[in-house]
Amino acid sequence: MMPPPLAVRAVLIDLDGTLLDTVLDLHAAANAMLDDLGRPGIAVESIRSYVGRGIANLVKRVLAGSMAAADDGTPPPADALASFKRHYSIENGRNATLFPGVREGLDALQALGLPLGVITNKAEAFTLPLLQRTGLYPYFDVIVSGDVLPRPKPDPMPLLWASGRLAVSPLDVLMIGDSVHDFHAGRAAGCHVFLVPYGYNEGRDVRELACDGIVASLAEAAERLVHA
Ligand SMILES: O=C(O)COP(=O)(O)O
Ligand SMILES: [Mg+2]
């Protein structure tokens, strides 16, 4: 049986793994960087699990071949990071695709009169061109990238800031994401949280997380909402 509809005043949505499948572009940039460094390439499946904590952490994980490389608090080597950024600025959006139900879902959310935002850990220099190239940019009233505030997801700061920009209480906001970072950021901000099972989540199953709903698509998320 369907749960009763959730009443909200705004919806914030994660980018990589929720709106767009960006893993092929990230994979191409990672392999071009490894080639610059004279190192062998990496499998696309590794990239899929390494996405989610921003580009500096992605580069560290690619160089180390390990998820844990993101946790040591050091920056990545400057030459590797510069190479990745140079290649990603060319690859960004080339092979990125909307997940099924994204456009229908965004149209339905707009039809409900809900303001929409993007909350991503991707750097702003890549977020804005990507949203423009994929035609999603006009849907959003606020876009918060990973490098525009002192603390990115899983900190609640980007969600609290976006809620303020939209002049709504975070308690009336739904965060839709694909990962444990979206879940923790949403919970800490006091937002409702829906998760999609088709994204990246660092290789783990989002069903392990006690969120307010697992939705197969953004279209299904929209069906479960009403405007408060
Ligand atoms: O880690 C990244 O670069 C972006 O990830 P996000 O859009 O899922 O926050
Ligand atoms: Mg994501």
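Residues numbered from 1 in each chain as written. Chains lettered and ligands numbered in written order. Predicted model: local features only at pLDDT ≥ 70, side-chain atom pairs only at ≥ 80, totals over all residues. Heavy atoms only, no water.

A. Structural context of the UniProt feature "active site" (unreviewed entry) in the chain. Those residues carrying the UniProt feature "active site" (unreviewed entry) are Asp-14 in this numbering. As for its placement among the helices and strands, Asp-14 is situated in the loop between β2 (10–13) and β3 (20–21). Given the relative accessible area of 5%, Asp-14 is considered buried. Residues contacting Asp-14, with those up to four places away along its chain left out, are Leu-19, Ile-119, Lys-153, Met-175, Ile-176, Gly-177, Asp-178 and Asp-182. Polar contacts involving the side chain of Asp-14 include one to the side chain of Thr-18, which spans 2.8 Å. (UniProt positions renumbered as here; feature names shortened; annotations may be inferred. Helix = DSSP H or I, 4+ residues; strand = E, 2+ residues; numbered from the N terminus. Buried < 20%, exposed > 50% of the residue type's maximum accessible area, 1.4 Å probe, protein only. Contact = heavy atoms within 4.5 Å. Polar contact = N/O pair within 3.5 Å; in protein donor to acceptor, adjacent residues only side chain to side chain.)

B. Representation of the coordination of the magnesium ion (ligand 2) in the model. Distances from the magnesium ion (ligand 2) to its protein donors, Asp-14 (OD), Asp-16 (O) and Asp-178 (OD), fall within 2.2 Å. Here the donor residues of the magnesium ion (ligand 2) share one chain and are spaced in sequence as D-x1-D-x161-D. You can see Asp-16 sitting in the loop between β2 and β3 and its partner Asp-178 sitting in the loop between β7 (173–177) and α8 (180–189), a full 162 residues away along the chain. Judged on exposure class, the residue Asp-16 and its partner Asp-178 are both buried. (Donors = N, O, S within 2.8 Å, 3.2 Å for Na, K, Ca; no water.)

C. Region of interest: the side chain of Asn-201. Mapped onto the fold, Asn-201 is located in the loop between β8 (192–195) and β9 (213–214). Look at Asn-201 and you get buried, because its relative accessible area is 5%. At a separation of 2.8 Å, a polar atom in the side chain of Asn-201 contacts the main-chain amide nitrogen of Val-180. Residues in contact with Asn-201, not counting those within four places in the same chain, are Asp-178, Ser-179, Val-180 and Val-206.

D. Here's a closer look at the site of ligand 1. Inspection of the region around ligand 1 gives Asp-14, Leu-15, Asp-16, Gly-52, Arg-53, Gly-54, Thr-120, Asn-121, Lys-122 and Lys-153 as its neighbouring residues. A distance of 2.8 Å is found between an oxygen atom of ligand 1 and a backbone nitrogen or oxygen belonging to Gly-54. Between ligand 1 and the protein, one listed contact pairs an oxygen atom with a backbone N or O atom of Asn-121 at 2.8 Å. Burial of ligand 1 by the protein chains amounts to 96% of its free accessible area of 280 Å². Residue composition of the shell around ligand 1, by class: one nonpolar, four polar and five charged. When residues of the shell around ligand 1 are sorted by domain, at least three fall in each of domain 1 (6–21 + 96–227) and domain 2 (23–91). (Near = heavy atom within 4 Å. Areas by Shrake-Rupley, 256 points an atom, 1.4 Å probe, with all protein chains shown as cover. Nonpolar A, V, L, I, M, F, W, Y, C, P; charged D, E, K, R; others polar. Domains from an automatic or database assignment.)

E. Geometry of the domain arrangement of the chain. Here the domain parsing of the chain yields domain 1 (6–21 + 96–227) and domain 2 (23–91). Across the boundary between the two partners, domain 1 contributes 11 residues, which contact 15 residues of domain 2. Of the roughly 1,200 Å² buried where domain 1 meets domain 2, counting both sides, 56% is carbon and sulfur surface. For Arg-61, the salt bridge identified is with Glu-202, shortest N-O distance 3.0 Å. At the surface where domain 1 touches domain 2, the tally comes to six residue pairs in polar contact (both at pLDDT 80 or more). Across the side of domain 1 that touches domain 2, the residue classes break down as three nonpolar, three polar and five charged. (Buried area = accessible area lost by both parts, 1.4 Å probe. Salt bridge = Lys/Arg side-chain N within 4 Å of Asp/Glu carboxyl O.)

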